[in-house]
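Coordinate analysis (summary)
Residue strings, one per chain:
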Amino acid sequence: MTTSTSTDMTASTSTNGAARRGTLAAAALAVLAAALPLTAAPAAQAVPAAQASTATQGRPAWCPDVPGHQVDCTTMRRPLVTDEPRLGGIDVSYAVVRHSNPGPALGTVAVNPGGPGETLIDRAEQVAGALQGVLDDYDVLLLDPRGTGRSGRLPCDVTEAEYRWAPRAGQREAVAECAEELGPRARGYTSAATADDIDAARERLGAPKLVLYGLSYGTYLMPVYADRHPERVEKMVLSGAYPLAFDSLARPGAQQVNLTLRRICERSGACDPDTAVHDLAAVTARLRARPLKVTAPVDGKRRTVLFTEDKLADLLYEPATRGIGLNPGEPGLLGALPAALHAFAAGDDGPLSALVRDEMANTGTEDQASFLAVTCNDYARAWDPDAPVAERRRQYRAALAAADPADFGAFSVKGWTEGQTDGGDNCLNWPRRNTARPQPTDLKHVPDVPVLVLSGDLDTNTPEVNSHLSAAQFRHSTFVSVPNSGHLPEMESTGCALEISSRFIRTGEVGDTSCLAQIPPVTVVPVPR
């Protein structure tokens, strides 16, 4: 059961179990930590001489320095696929940022920043800045998931920019080529395998239990860890969360787009909510009939992209609400969209084209191998993964035909689902031979521990509906809606959300959430009325 105090700012408690999801790799805790003002960081404390001498002995060259803290780093050899020795092993690396107060640590916090594919070791100093209060008494474990960063980086020769801006058929082909490139090794890149790597690190550290802190995809990974190692979990924080048994057609995200547009218009007074939603519907219809051609630098090369309805869906689903509360005085992508949509609906392509060009030029160039392997191995699909590809296509078309168009907001069913880079039919050609089975979604063994779920009330990537469903997976969870923030809610300008999560880690209690009311609304470019 769930109770809530208001629409814009809620703290609710769930006492039942269930299951669900939302998605994707967006901003990591390390990235937000680098930008968040928070409170002023304390002056670096000198590491005691005895501690410093041991800290430098045998440290790998890649081990990061964090002022005021000892950092221990290790690489451990892990089987690529359990019970498949012929596939060999993989080196998995992690860093442990030690607490600063005297005496033993009160516990160990294991962080995963999302993706799949985000890394943390090389961002240890930024993470320590974000978790400075926690690091007084807790150690923080930063493990680069297998196939990423310092843990056997996995290449597929397709960058984020190449994948994201390819037409849908090209995205499906890139997934198939990645699977071919990985071959039987693809079976080793799953959430379950990474969860077991985290537990192997925990055992090496001698930590009896872990506090799990998952962001975005980390809210999928950490429940998998909890289900596989229930006796090793002290408590959990899940931010930008989605349940394991999520809607493979991402309907909650489509519905959240309209709600988010309404909220930013209402709170800013810069646009009319009904007009914004009407303009979005007009733009999606126009793009279905005549896509927009946009030319900009992509991955170092000048490229012309056909900006179709599904590319607009991707723009609104992934980058539009990423970190929107961080600089509330600047409109950013989300704040500029109502005016751009209004102009486009009236026949002026310029403002929307400018937003698309900027997004194209700033799309990342990271290899997508880990992202594709984990999502195609693990995530729920609208077809039977054991079926031949032709049968999968039939099943997927049937699922789309059975879907109610009213559930997709301003978008067509096809347009919205093809905008999902980690969903819809992107993994349709991922082979079953030599790959892992999807992860279980029932979470039969999760422990009865305190769980905090944070959700940005403007988030279109992991919308509040999905975060509520994530909270319902656990018997004792507290849901906190963070107003005027998106994906992830810690990326807001006041530091309130991070203060709440840090207090929960230290005490197991949410405590006073009144600071949420001080989070300013997003600035929106005025729309002529």
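Notes on the structure follow. Since the model is a prediction, treat every value here as computed from it, not as a measurement.

The rules we used
Residues numbered from 1 in each chain as written. Predicted model: local features only at pLDDT ≥ 70, side-chain atom pairs only at ≥ 80, totals over all residues. Heavy atoms only, no water. Helix = DSSP H or I, 4+ residues; strand = E, 2+ residues; numbered from the N terminus. Expected span 1.5 Å × (residues − 1). Bend = angle between axes of the 7 residues up to and from the residue. Buried < 20%, exposed > 50% of the residue type's maximum accessible area, 1.4 Å probe, protein only. Core = buried A, V, L, I, M, F, W, Y, C linked by side-chain atoms within 4.5 Å. Contact = heavy atoms within 4.5 Å. Axes fitted to C-alpha atoms, helices over the stretch in contact; angles between N-to-C directions. Parallel < 35°, antiparallel > 145°, perpendicular 65-115°, else oblique. Nonpolar A, V, L, I, M, F, W, Y, C, P; charged D, E, K, R; others polar. Phe/Tyr/Trp six-rings, centres within 6.5 Å; stacked < 30°, edge-to-face > 60°. Lys NZ or Arg CZ within 6 Å of the ring centre and 35° of its normal. Disulfide = S-S within 2.5 Å. Left-handed = near helix turned anticlockwise from the far one by under 90°. Lys, Arg positive; Asp, Glu negative; His and termini not counted. Salt bridge = Lys/Arg side-chain N within 4 Å of Asp/Glu carboxyl O. Pairing = 2+ DSSP bridges. Right-handed = clockwise from strand over helix to strand, strands pointing away.

Let's talk about helix H11 (residues 332-345)
For H11, which comprises 14 residues, the first-to-last C-alpha distance of 20 Å matches the rise-based estimate of 20 Å (1.5 Å per residue) to within 8%. At proline 338, H11 shows its strongest bend, of approximately 35°. The buried fraction of H11 amounts to 11 of the 14 residues, a majority that puts the element mostly inside the structure. Looking at H11, one finds that the buried residues are Leu333, Leu334, Gly335, Ala336, Leu337, Pro338, Ala339, Ala340, Leu341, Ala343 and Phe344. Of the residues one or two after H11, glycine 347 is the one with positive phi, at around 105°.

Brief notes about the nonpolar core
Core analysis: the biggest nonpolar cluster contains 114 residues, and Ile198, Leu212, Leu280, Phe307, Leu312, Trp416 and Trp430 have the highest contact counts within it. It is H11 that provides the largest number of residues to this core, a total of 8 residues. Those residues in contact with phenylalanine 307 that sit more than four places away from it in its chain are Trp165, Leu287, Pro291, Leu292, Val294, Leu312, Leu315, Leu352 and Val356. Residues Ile121, Leu142, Leu516 and Ile519 belong to the second largest nonpolar core, which totals 40 residues.

Things to note about the packing of H11 against helix H12 (residues 350-361)
For the pair H11 and H12, interaxial distance at closest approach is 7 Å and the crossing angle is 140°. Taken together, the axis directions place H11 and H12 in an arrangement best described as oblique. In this structure, H11 uses Leu333, Ala336, Leu337, Ala340, Ala343 and Phe344 to contact H12, whose residues at the interface are Pro351, Leu352, Leu355 and Glu359. Residue composition of the contact of H11 with H12, by class: 9 nonpolar, no polar and 1 charged.

Here's the deal with the packing of aromatic side chains
Scanning the model with the defined rule gives 9 aromatic pairs in all. The structure contains a cluster of three or more aromatic residues connected by ring pairs, namely Tyr217, Tyr220, Tyr242, Phe246 and Tyr379. Residue placement shows arginine 286 over the ring face of phenylalanine 344; its charged tip is 3.9 Å from the ring centre.

A word on the state of the cysteines
Applying the stated criterion to the full structure yields 5 disulfides. A sulfur-sulfur distance of 2.0 Å marks the disulfide that ties cysteine 265 to cysteine 271. Since a negative S-S torsion denotes a left-handed disulfide, the cysteine 265-cysteine 271 link at about -100° is left-handed. Cysteine 496 shares a disulfide with cysteine 515; S-S distance 1.9 Å. Since a negative S-S torsion denotes a left-handed disulfide, the cysteine 496-cysteine 515 link at about 70° is right-handed. With a gap of 19 residues between them, cysteine 496 in helix H17 (residues 496-507) and cysteine 515 in the segment after H17 connect regions that are remote in the sequence.

Describing the packing of helix H8 (residues 251-268) against helix H9 (residues 273-289)
Each pair of packed helices can be summarised by the angle the axes make with each other and by the distance between the axes. Where H8 meets H9, the axes come as close as 8 Å, and the angle between the chain directions of the two elements is 145°. Taken as a pair, H8 and H9 cross one another with a handedness that is right-handed. Along its contact with H8, which presents Val257, Asn258, Leu261, Arg262, Cys265 and Glu266, the element H9 presents Pro273, Asp274, Ala276, Val277 and Leu280. Of the residues assigned to the contact of H8 with H9, the class counts are 7 nonpolar, 1 polar and 3 charged.

Topic: the side chain of aspartate 144
Among the secondary structure elements, aspartate 144 is positioned in the loop between strand E5 (138-143) and helix H4 (160-165). Despite its burial, aspartate 144 pairs with no opposite charge; the closest candidate is arginine 150, at 5.4 Å N-O. Among residues more than four places away in sequence, those in contact with aspartate 144 are Val92, Ser93, Thr119, Leu120, Ile121, Gly149, Arg150 and Ser151.

Focus: the side chain of serine 470
Within the secondary structure, serine 470 is located in helix H16 (residues 464-471). Apart from residues no more than four positions distant in its own chain, serine 470 is found in contact with Leu238, Ala241, Tyr242 and Pro243.

Quick word on the pattern of salt bridges
Tallied over the full model, the rule gives 31 salt bridges. For the salt bridge of aspartate 199 with arginine 202, the shortest nitrogen-to-oxygen distance reads 2.7 Å. With aspartate 199 and arginine 202 both in helix H6 (residues 191-205), this residue pair falls 3 residues apart, about one helical turn. There is no split in this pair, since aspartate 199 and arginine 202 are both buried. For the salt bridge of glutamate 464 with arginine 263, the shortest nitrogen-to-oxygen distance reads 3.3 Å. Of the two residues, glutamate 464 sits in helix H16 while arginine 263 sits in helix H8, which places them 201 residues apart along the sequence.

Side note on the pairing of strand E10 (residues 451-456)
Counting buried residues along E10, 6 of its 6 residues qualify, which places the element largely inside the surrounding structure. Burial along E10 is two-sided: Val451, Val453 and Ser455 and Leu452, Leu454 and Gly456, pointing in opposite directions, are all buried. In this sheet, E10 lies alongside strand E7 (residues 233-239) in parallel orientation, the contact comprising 4 bridges. Counted as the bridge partner of serine 239 is leucine 454 from E10. Here E10 runs beside strand E11 (residues 477-482); their pairing, made up of 6 bridges, is parallel. Looking across to E11, one finds that serine 455 is bridged to serine 481. Regarding topology, H16 serves as the crossover connection from E10 to the parallel E11, and that connection is right-handed.

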